[in-house]
Number of protein chains: 2
Amino acid sequence: MYSPSIQKLIEQFSKFPTVGPRTAVRFVFHLLKLPKEELGRLSESISSLQKEVKLCSFCFRPFEPFDAAQGCEICSDIRRDKALLCVVEKETDLETIEKTKKYQGRYFILGGTVSKLMKEDIEKLRIKELQERARDVKEIILATNPTTEGEATALYLERTLKPLNIKTTRLGRGLPVGGELEYADEETLGSSLDNRK
Amino acid sequence: MYSPSIQKLIEQFSKFPTVGPRTAVRFVFHLLKLPKEELGRLSESISSLQKEVKLCSFCFRPFEPFDAAQGCEICSDIRRDKALLCVVEKETDLETIEKTKKYQGRYFILGGTVSKLMKEDIEKLRIKELQERARDVKEIILATNPTTEGEATALYLERTLKPLNIKTTRLGRGLPVGGELEYADEETLGSSLDNRK
């Protein structure tokens, strides 16, 4: 049995995504070996995280407000096309799309997926906020993941947004660039046939 | 690109064992979603860790000193057999053996392994401290891992301790309890044949 301080931190780390009790133990022993200053810096970074970082009131992306700004760097960028809205499941998906430098519209972070159209699942998502943002745009790209949950969510959103009469699109399906036919799964290969040009 | 506070914490988490940049990002977004109080508790646990936890001056196990004690709960337990010393590579190995409740001697945490008998590797280990502790014991159990590094370390320790003329033993090799022959590797099966009784 580990000592109380160690045990407490193990339990706290065990709540991290992908971290089980064994990994949590390794984390704690790693921290025990760090120089005192580094441990202090980590503790400080964690405690100041929520103080420094706010959610953008438009897209819900975490950002650090500059000049008392209300929106994040992307949403307040006047060069961005406000008629285009890209809906993603979560924060990291937004950053991944942003890295391609191919998208010049704005984003909206839905906050998850609906897998079985459960009422609890749907209530957790930012559906109402999306409907509000949707009124002022011409096209909504439903950039949910190509997974069962992502597909179900896109279908649900399409139905929800239909009364607003806005063009909704999805990300193209096909072979990943640099991949080989031999290793593509049937679904992907099928989509790449459908999307041939 | 993530905001400075987020980026900084991603870099800090990336230094954790088994954590890559992707997992570090997930950790940070997980923390962003936590209630403020929970984040404060985590930060507090981390900053107080090294203040609360000391290394036992005998076995180097991390523990929280009670009544200005110098040694940990195990080392200061008078029921423990002081003539028996179990050498382990790291802290978690000690706790794993302790859980079996089969061992009534004391421990010594070596602090790692020597894989290629590199001078730098050896200097990091607590060899000198082990030699000091060894003088007062009758048997030393070299409980290093049954890996290449662990075996090399055990051999190195055996040679190092030889001049002291103390009985050194190793943990028995064989089939894991509950395992099946079919899934045992050749080395393990070979050892289990050698150790048949």
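Cut-offs and rules
- Residues numbered from 1 in each chain as written.
- Chains lettered and ligands numbered in written order.
- Predicted model: local features only at pLDDT ≥ 70, side-chain atom pairs only at ≥ 80, totals over all residues.
- Heavy atoms only, no water.
- Buried < 20%, exposed > 50% of the residue type's maximum accessible area, 1.4 Å probe, protein only.
- Helix = DSSP H or I, 4+ residues; strand = E, 2+ residues; numbered from the N terminus.
- Pairing = 2+ DSSP bridges.
- Right-handed = clockwise from strand over helix to strand, strands pointing away.
- Axes fitted to C-alpha atoms, helices over the stretch in contact; angles between N-to-C directions.
- Contact = heavy atoms within 4.5 Å.
- Buried area = accessible area lost by both parts, 1.4 Å probe.
- Salt bridge = Lys/Arg side-chain N within 4 Å of Asp/Glu carboxyl O.
- Polar contact = N/O pair within 3.5 Å; in protein donor to acceptor, adjacent residues only side chain to side chain.
- Nonpolar A, V, L, I, M, F, W, Y, C, P; charged D, E, K, R; others polar.
- Phe/Tyr/Trp six-rings, centres within 6.5 Å; stacked < 30°, edge-to-face > 60°.
- Least-squares fit on C-alpha atoms with pLDDT ≥ 70 in both.
- Lys, Arg positive; Asp, Glu negative; His and termini not counted.
- 1 Å grid on protein atoms, 1.4 Å probe; cavity = no way out; pocket = protein on both sides within 12 Å on 5 of 7 lines; lining within 4 Å.
- Points joined across faces, edges and corners; volume = space filled by probe spheres on them.

*Asks:* Lay out the pairing of strand 4 (residues 105-109) of chain A with the relevant residues and their values.
*Replies:* Residue and element names in this part refer to chain A. Burial within strand 4 is extensive, with five of its five residues counted as buried. With five bridges joining them, strand 3 (residues 81-88) and strand 4 adopt parallel strand pairing. Counterpart to Val87 in the pairing with strand 4 is Phe108. Remark: the strand 3/helix 4 (residues 91-99)/strand 4 crossover connection has right-handed handedness.

*Asks:* An account of the sheet that holds strand 6 (residues 167-170) of chain A is needed here, citing residue identities and associated values.
*Replies:* Residues and elements named next belong to chain A. Ordered in space as 4-3-5-6, the four strands form an open sheet in which the pairing is parallel. Edge strands, defined here as strands with exactly one partner in the open sheet, are strand 4 and strand 6. The average undirected angle you get between the axes of adjacent strands in this sheet is 25 degrees. Across the sheet, helix 4 is in contact with strand 3 and strand 4; its angle to strand 4 comes to roughly 160 degrees.

*Asks:* I'd like a rundown of the pairing of strand 5 (residues 139-142) of chain B, residues and numbers included.
*Replies:* Residue and element names in this part refer to chain B. The side-chain alternation of strand 5 yields two buried faces, one formed by Glu139 and Ile141 and the other by Ile140 and Leu142. Sheet analysis places strand 5 next to strand 6 (residues 167-170), joined by four bridges and oriented parallel. Counterpart to Ile141 in the pairing with strand 6 is Thr169. Crossover handedness for the path strand 5 to helix 7 (residues 148-161) to strand 6: right-handed.

*Asks:* Just give me the short version of the interface of chain B and chain A, but keep the residues and values in it.
*Replies:* One frequently used descriptor of interface size is the decrease in accessible area upon assembly of the parts. Listed by partner, the interface residues are 47 residues for chain B and 47 residues for chain A. Taking both partners together, chain B and chain A bury about 4,500 Å²; carbon and sulfur atoms supply 67% of that area. Contact with chain A buries area across many residues of chain B, yet Ile46(B), Leu49(B) and Gln50(B) alone supply 15% of it, more than any other trio. In this structure, the salt-bridge partner of Glu38(B) is Lys15(A), at a minimum N-O distance of 3.9 Å. Put simply, chain B and chain A have 14 residue pairs in polar contact (both at pLDDT 80 or more) between them. Of all the elements in the fold, those that place two or more residues in the side of chain B that touches chain A are helix 1 (4-14), helix 2 (21-33), helix 3 (36-52), strand 2 (62-63) and helix 4 (91-99) of chain B. Ranked by the residues each element gives to the side of chain B that touches chain A, the list is headed by helix 3 of chain B, at twelve residues. Its residues assigned to classes, the side of chain B that touches chain A shows 24 nonpolar, eleven polar and twelve charged.

*Asks:* Could you give an account of the packing of aromatic side chains, naming the residues involved and the relevant values?
*Replies:* All told, the structure shown has 15 aromatic pairs over all chains when counted by the stated rule. For the pair Phe13(A) and Phe27(A), a centre-to-centre distance of 5.5 Å together with 90 degrees between the ring planes defines the contact as edge-to-face. In this pair, Phe13(A) sits in helix 1 (residues 4-14) while Phe27(A) sits in helix 2 (residues 21-33), placing the two residues 14 residues apart along the sequence. Of the two residues examined, Phe13(A) and Phe27(A), each falls in the buried class. Measuring from ring centre to ring centre gives 5.6 Å for Tyr2(B) and Phe29(B), while their planes differ by 65 degrees; the resulting arrangement is edge-to-face. Highlighted residues: Tyr2(B) in the segment before helix 1 and Phe29(B) in helix 2, separated in sequence by 27 residues. With respect to class, Tyr2(B) is no different from Phe29(B); both count as buried.

*Asks:* Provide a residue-level description of the environment of Lys138(B), including the pertinent values.
*Replies:* Residue and element names in this part refer to chain B. Residue position: Lys138 is located in the loop between helix 6 (127-134) and strand 5. Of the residues examined, Lys138 reaches a relative accessible area of 66% and is grouped as exposed. With residues near it in sequence (within four places) discarded, Lys138 still touches Ala83, Ile166 and Lys167.

*Asks:* Could you give an account of the relation of the copies chain B and chain A, naming the residues involved and the relevant values?
*Replies:* Take chain B, turn it by 180 degrees, move it 0.0 Å along the axis, and it overlays chain A with an RMSD of 0.1 Å. Taken together, the rotation and translation relating the two chain copies correspond to the operation of a two-fold axis. Considering only C-alpha atoms, the residue of chain B closest to the rotation axis is Ser43(B), which sits at 2.3 Å.

*Asks:* Let's hear about the side chain of Arg126(B): which residues, and what values?
*Replies:* Residues and elements named next belong to chain B. Tracing the backbone through its elements, the reader meets Arg126 in the loop between helix 5 (119-124) and helix 6. Despite its burial, Arg126 pairs with no opposite charge; the closest candidate is Glu91, at 5.4 Å N-O. Those residues in contact with Arg126 that lie beyond four places of it in its chain are Leu55, Phe60, Phe108, Ile109, Leu110 and Gly111.

*Asks:* So, empty space enclosed by the protein: which residues are in play, and what are the values?
*Replies:* A full pass over the atoms with the stated rule returns one cavity of 30 Å³ or more. What the largest cavity holds in volume is close to 80 Å³. Broken down by class, the residue content of the lining of the largest cavity amounts to four nonpolar, two polar and two charged.

*Asks:* Explain the pattern of salt bridges to me, using residue names and the numbers behind them.
*Replies:* This model, assessed by the stated rule, comprises 20 salt bridges over all chains. The closest approach of N and O atoms between Glu73(B) and Arg61(B), which form a salt bridge, is 3.1 Å. Of this pair, Glu73(B) sits in the loop between strand 2 and strand 3 (81-88) while Arg61(B) sits in the loop between strand 1 (54-55) and strand 2; the two residues are twelve residues apart in sequence, bridging distant segments of the chain. On the basis of relative accessible area, Arg61(B) is assigned to the buried category, the value being 5%. Salt bridges here are not isolated pairs; linked through shared partners, they connect Arg61(A), Glu73(A) and Glu95(A).

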